[in-house]
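Next come the chains, spelled out residue by residue.
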There are 2 protein chains.
Amino acid sequence: MAPTRYLRSSASRDVNPDLDIERKTPSFDVEKLTTILDGGAENTRVRRAVEAVIHSDPVFSREDKYFLSQNESYEAAVKKAVHLKKMMHQMKWSWAGSECKYCNRALGGEVAFTLHNIFMESILALSTDEQTAKWIPLAENYRILGSYAQTELGHGTYIRGFETTATFNISTQEFVLNTPKISAMKWWPGDLGRSATHTVVFAQLYIKGKCYGVHPFIVQIRSLHDHSPAPGVTVGDIGPKMDFNHIDNGYLLLQDVRVPRENMLSRFCELHAFSSGLKAIVTEHSTAGVETCRKACGGHGYSLLSGLPSLYTRLAASCTYEGENTVLLLQTARFLVKCLGAARSGQPVPPSVAYLSAVNSERCLVRDKRDLLQPDVYVEAYRHVAIRVLSSAAAKLQALVQSGAEQHEAWHQCTVQLVHAAKAHCHYHVVKSFAEAVEKLGQEAGIQRIMKHLCGLFALHGIFSNTGDFLHDGYISGDQVDMMTASYLDLLAIVRKDAVPLVDAFDFTDETLNSALGSYDGHVYRRLYQWARKSPSNTKQANQVYENYLKPLFQNGLSKL
Amino acid sequence: MAPTRYLRSSASRDVNPDLDIERKTPSFDVEKLTTILDGGAENTRVRRAVEAVIHSDPVFSREDKYFLSQNESYEAAVKKAVHLKKMMHQMKWSWAGSECKYCNRALGGEVAFTLHNIFMESILALSTDEQTAKWIPLAENYRILGSYAQTELGHGTYIRGFETTATFNISTQEFVLNTPKISAMKWWPGDLGRSATHTVVFAQLYIKGKCYGVHPFIVQIRSLHDHSPAPGVTVGDIGPKMDFNHIDNGYLLLQDVRVPRENMLSRFCELHAFSSGLKAIVTEHSTAGVETCRKACGGHGYSLLSGLPSLYTRLAASCTYEGENTVLLLQTARFLVKCLGAARSGQPVPPSVAYLSAVNSERCLVRDKRDLLQPDVYVEAYRHVAIRVLSSAAAKLQALVQSGAEQHEAWHQCTVQLVHAAKAHCHYHVVKSFAEAVEKLGQEAGIQRIMKHLCGLFALHGIFSNTGDFLHDGYISGDQVDMMTASYLDLLAIVRKDAVPLVDAFDFTDETLNSALGSYDGHVYRRLYQWARKSPSNTKQANQVYENYLKPLFQNGLSKL
């Protein structure tokens, strides 16, 4: 371990003694693990330098985060964004560089104009050289502010269902954009509700009455002179959300909005089937994990000051945005069913599903609980389940089709099992990749040891939480489940000893976590009390309610009110 | 079905045609089910009469609920509470009567002074006749406002760990209350942060240096003259929370606060072991259920305007308050282990655990998927699992003790299995009680039929989600799991047809649900848009951010900022 750990906070090193003891004897080099997580020591250095700059600037303080209204959150995020752009310009940090990513981490993501980057990225990816030459310099120098308007009030993940139209007018060589009905209104785009001047609108392209499918168009939505809505544009904020209230997610209604021909972007490509399912299980696991941690903190985990509610409400969004999880899992399932058919008929399949071609093992042969911690053993168990669940879903699908059901209807009747199959596949893939990554840590014995424990814990936790999947066809027996449970509980005790050093290795600053409970010094009660006292509920016109309501009640009693 | 259904909202009867079709052919009498849920037609009548009064009074409007800051929420709840007390007084509705309960339902619980009732109830339950005669009239007429201060910053569910002290001073015949350290501060009590004048403080009683355990004391915390903190009292609000921001949960620090001898309440009794576990699984299931519904609404479920985030954040609190769920499940487990020992040695046990004395069946004999819908079959399966999991946990516990572990340490090592056993017991009990309740609906054939489907759905969903529990010792086979899954999916299709009438039967008004998605007329897009436009993010100084930050950015660009 490094002799002097990076000072994580402006607070002094007065640490809660219970926490101090936890840090005394880590089984591995914490600083080394930090650099591995960062992808190299140079990245760690850059990240810490960026964090030092951000945390020392009072404009970036997040002290009042938990006390802000939606309006105030938005204003704070815009203020920070403008200040950040200025600072990045001075420091010569590029918006596509690693410093920008670290700024975002240091600020806990609470900064406006994140969609402006997506706007630029989509232009770079989808436009011609002429389009790039026109729009990118304007955007880079903030002469315009961009957004990205895809989701509609009635249509999210199913892009082909979009109802916004762009009709080409041959005589004027313009596109005329319209929102034909309420469900076609653009709804949710970030930075659009109150900030953006331009946005990329996805619309069904019509030429001479014929529909050519969904295409992206650059549309100016607000005046560059006074920021008022452009002709034919109705735009506003969709109101308060479970979180992300610093972002002005917006609605957009278009009535005969004309854009020149050259504003149509030419290309269009949303996600690979496998990464879809992976996104779904990663967001599901992490959301559930945060909620478990929050509940484990008892009542204090319910206080916004703990930082845990906002971690939950933010991660919860990730189960829905960029593709709703169940829809994504069904995309993965469609890919898997196709690959299973190919594998069975001896055709080549992508490497991620090559395991479908192999013979499936019949039974786990382990007789000692320690053997269950061998990666070979648990990876094989996950592989077995992935093949079994997928085969079973595919068999049901085939039986339905053979009995005369329409393909679409048969698919619909199998969705519960298909989602199950996609999850089993992704879970297998994650466990296998985890085990392989641990294998590669050979030169760092201490880190490899603790990572092997964590990998075993992850794998056994998955079996423990889904024993039915493994017991179903007798691949493992009830006795083996009991052994596995014992191994799992043993691992908890082992990992427990390194729990604090493992968390330390992520190297989140106190300012980034912004939590009264999750702070380097561990003085949680003191901090909860200090932060509560600063709450506007104690300082802001706190007595007005007494004067207006309580005093008359106490003085008059009910009978005279 | 009643010819004219109670008009649920002030909105017109213009109903979304998709929803209208769903209501056309319910398989049961919806109005009849409503009266069953209310506990009788007279209750339904009273409830609707109360709702009509509440919803017609503009003071009780909850239209702006999703736009309020913590301060504004608190002020609105106090305003409503004072108005409600006045109205109840005029209508001669008692605070302990059913009208009061229905007022609370109509207002979605968003009203202050709910702890005032707990204050009165605790005095009625724990005090002498003299104490009741003194305090209840003061409280009933709002000459004082009460709260209930039990939880401390460092101690919640574990009551014996409280650190607040009450030392008896023999010469003055007073108790002197103190908060000896920061973790002893009272933390979380509702109505205490900004409202209450009095509270019931739980403290360790000391007489002549000897501790007599935790006792309750009535303590005045604010002046009845000007509402300032009483001498020695530091009191305030604990700040923003995941929800319940209309409630002024408070902190309380006591320094040599003297109360007369007669302020000590004499009795003390916070939960029965079985109801503990039941509370835990009911809150866990309902919280998970709401989150499933929220996610099923996609992005719109993330908008506060859907009402679903606040349903989640409120129910999430119930997993922690009034006893943290894991702690409660362990209390139930302790009771179960004791009862299992008694049952095995032939001693009498309470009726709720009489099943532990019976011989456990070895195997489920069902060969047809329809038989899995027989309540006898699934209740027996749950019973089998409850006995197996408890026996297994008890055996591990006994083995550890016999191998020399301390009782306390052995218990600690078995907590994962003990929680599992408590859940299995409670789950069995709920399924069994559900089946018995359906059995009693014999005179209402249509309602009994749909309720039997729902009971089967609940039971099979539980098996489907925990197949490992049932497969572990071969009580059911993999083939039976597949049959069960098929039955479960069949039931989904059957219940689906009555989904809207079932929801209608709960008879929640639009005003109570306060949701842009969950409304009687089903015009969800129209309502989302209307409500979003009313949001302060669109109306309140919306342009200030442009003037202050965006305009200078656009006009100057980065280089000149």
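All of these numbers come straight from a predicted model, not from anything done at the bench.

## Comments concerning the overall build of chain A
- Along its length, chain A carries 21 helices and 9 strands.
- Across its three principal axes, chain A shows a C-alpha extent of roughly 75 × 70 × 65 Å.
- Evaluated residue by residue, chain A yields a buried proportion of 43% over its 561 residues.

## Some points on the packing of helix H10 (residues 325-344) of chain B against helix H13 (residues 415-439) of chain B
Residues and elements named next belong to chain B.
- In contact at an axis separation of 8 Å, H10 and H13 are set at 80 degrees when each is read in the N-to-C sense. One element, H10, and the other, H13, form an angle in the roughly perpendicular class. Here Thr 326, Leu 329, Leu 330, Thr 332, Ala 333 and Leu 336 of H10 lie close against H13, whose contacting residues are Thr 415, Leu 418, Val 419, Ala 421, Ala 422, Lys 423, His 425 and Cys 426.
- A breakdown of the residues in the contact of H10 with H13 according to their chemical character gives 9 nonpolar, 4 polar and 1 charged.

## Here we look at unusual backbone geometry
- Unlike most non-glycine residues, A:Gln173 shows phi in positive territory, near 55 degrees.
- Here A:Gln173 shows up in the loop between strand S2 (165-169) and strand S3 (174-178).
- For B:Lys208, which is not glycine, the phi dihedral falls at a positive 50 degrees.
- Examined against the element boundaries, B:Lys208 turns out to sit in the loop between strand S5 (198-207) and strand S6 (210-220).

## Examining the interface of chain A and chain B
- The interface is formed by 83 residues belonging to chain A together with 83 residues belonging to chain B.
- Among the secondary structure elements, those contributing two or more residues to the side of chain A that touches chain B are helix H4 (70-91), strand S7 (233-237), helix H9 (308-318), helix H15 (467-471), helix H16 (478-497), helix H19 (524-534), helix H20 (536-539) and helix H21 (544-556) of chain A.
- Residue contributions to the side of chain A that touches chain B peak at 10 residues, all from H4(A).
- Considered class by class, the residues forming the side of chain A that touches chain B number 41 nonpolar, 27 polar and 15 charged.

## Things to note about the domain arrangement of chain A
- When its domains are assigned, chain A resolves into domain 1 (38-112), domain 2 (118-263) and domain 3 (329-505).
- Between the C-alpha centres of domain 2 of chain A and domain 3 of chain A the distance comes to 42 Å.

## Topic: the sheet that holds S7(A)
Residue and element names in this part refer to chain A.
- Sheet architecture is open: 3 strands sit in the order S4-S8-S7, paired in antiparallel fashion. Of all the strands in the sheet, the pair left with one neighbour each is strand S4 (186-187) and S7.
- By the bridge criterion, 2 bridges tie S4 to strand S8 (residues 250-254) in an arrangement that is antiparallel. Paired with Trp 187 across the strands is Tyr 251, a residue of S8.

## A short note on the sheet that holds strand S7 (residues 233-237) of chain B
- The strand order S4-S8-S7 (chain B) describes an open sheet built from 3 strands, whose pairing is antiparallel. The sheet terminates laterally at strand S4 (186-187) and S7 of chain B, the two strands that pair on one side only.

## Topic: the environment of B:Ile387
All names here are of chain B.
- In this structure, Ile 387 sits in helix H11 (residues 375-402).
- With 22 C-beta atoms counted inside 10 Å, the residue Ile 387 sits in the buried group.
- Separated by 99 residues in the primary sequence, Ile 387 and Ala 486 have C-alpha atoms spaced 26 Å apart.
- In contact with Ile 387, other than residues within four places in its own chain, are Leu 356 and Asn 360.

## Quick notes on the relation of the copies chain A and chain B
- Superposition of chain A onto chain B requires a rotation of 180 degrees combined with a translation of 0.0 Å along the rotation axis, giving an RMSD of 0.1 Å. Such values leave the two copies arranged in the relation of a two-fold axis. If distances are taken from each C-alpha of chain A to the rotation axis, the shortest is found for A:Gly468, at 1.7 Å.
- Interface overlap between copies: 100% of the residues of chain A at the interface are likewise at the interface in chain B, consistent with a symmetric, same-surface contact.

## Looking at helix H7 (residues 129-140) of chain B
- For H7(B), built from 12 residues, the straight-helix expectation of 16 Å at 1.5 Å per residue is met to within 8% by its first-to-last C-alpha distance of 16 Å.
- Of the residues one or two after H7(B), B:Tyr142 is the one with positive phi, at around 55 degrees.

## Here we look at the environment of B:Thr44
Residues and elements named next belong to chain B.
- Note that Thr 44 resides in helix H3 (residues 41-55).
- The class for Thr 44 is partly exposed, based on 18 C-beta atoms found within 10 Å.
- Those residues in contact with Thr 44, other than ones at most four positions away along the chain, are Thr 34, Thr 35 and Asp 38.

## Quick look at the pairing of S6(B)
- In the sheet, S5(B) pairs with S6(B) via 9 bridges, with the strands oriented antiparallel. In the sheet register, B:Phe202 faces S6(B), and the bridge partner there is B:Pro216.

## Structural notes on helix H3 (residues 41-55) of chain A
Residues and elements named next belong to chain A.
- The end-to-end C-alpha distance of H3 is 21 Å, a good match for the 21 Å that 15 residues give at a rise of 1.5 Å each.
- For H3, the full list of buried residues reads Arg 47, Val 50, Glu 51 and Ile 54. On an axial view of H3, the arc spanned by its buried residues comes to 100 degrees, and they lie on one face. Of the residues in H3, the exposed ones pointing more than 90 degrees away from the buried face are Glu 42 and Arg 45.
- Summarising the contacts, the buried residues of H3 are in contact with helix H2 (30-38) and helix H5 (98-106).

## Observations regarding the environment of A:Glu99
- In this fold, A:Glu99 is placed in helix H5.
- Taking C-alpha positions, A:Glu99 is 9.1 Å from A:Ala49, a pair spaced 50 residues apart along the chain.

## Details of the packing of helix H14 (residues 445-465) of chain A against H16(A)
All names here are of chain A.
- Packing of H14 against H16 leaves a shortest axis separation of 9 Å and a crossing angle of 140 degrees. Classified by the angle between their axes, H14 and H16 sit oblique to one another. Crossing handedness for the pair H14 and H16: left-handed. The residues of H16 that touch H14, namely those facing His 453, Leu 454, Gly 456, Leu 457, Leu 460, His 461, Ile 463 and Phe 464, are Met 484, Thr 485, Ser 487, Tyr 488, Leu 491, Ile 494 and Val 495.
- When the residues that make up the contact of H14 with H16 are grouped by side-chain class, the tally is 10 nonpolar, 5 polar and no charged.

Parameters at a glance
- Residues numbered from 1 in each chain as written.
- Chains lettered and ligands numbered in written order.
- Predicted model: local features only at pLDDT ≥ 70, side-chain atom pairs only at ≥ 80, totals over all residues.
- Helix = DSSP H or I, 4+ residues; strand = E, 2+ residues; numbered from the N terminus.
- Buried ≥ 20, exposed ≤ 12 C-beta atoms within 10 Å, placed from the backbone.
- Axes fitted to C-alpha atoms, helices over the stretch in contact; angles between N-to-C directions.
- Parallel < 35°, antiparallel > 145°, perpendicular 65-115°, else oblique.
- Contact = placed C-beta atoms within 7 Å.
- Nonpolar A, V, L, I, M, F, W, Y, C, P; charged D, E, K, R; others polar.
- Domains from an automatic or database assignment.
- Pairing = 2+ DSSP bridges.
- Least-squares fit on C-alpha atoms with pLDDT ≥ 70 in both.
- Expected span 1.5 Å × (residues − 1).
- Arc of directions from axis to C-beta.
- Left-handed = near helix turned anticlockwise from the far one by under 90°.

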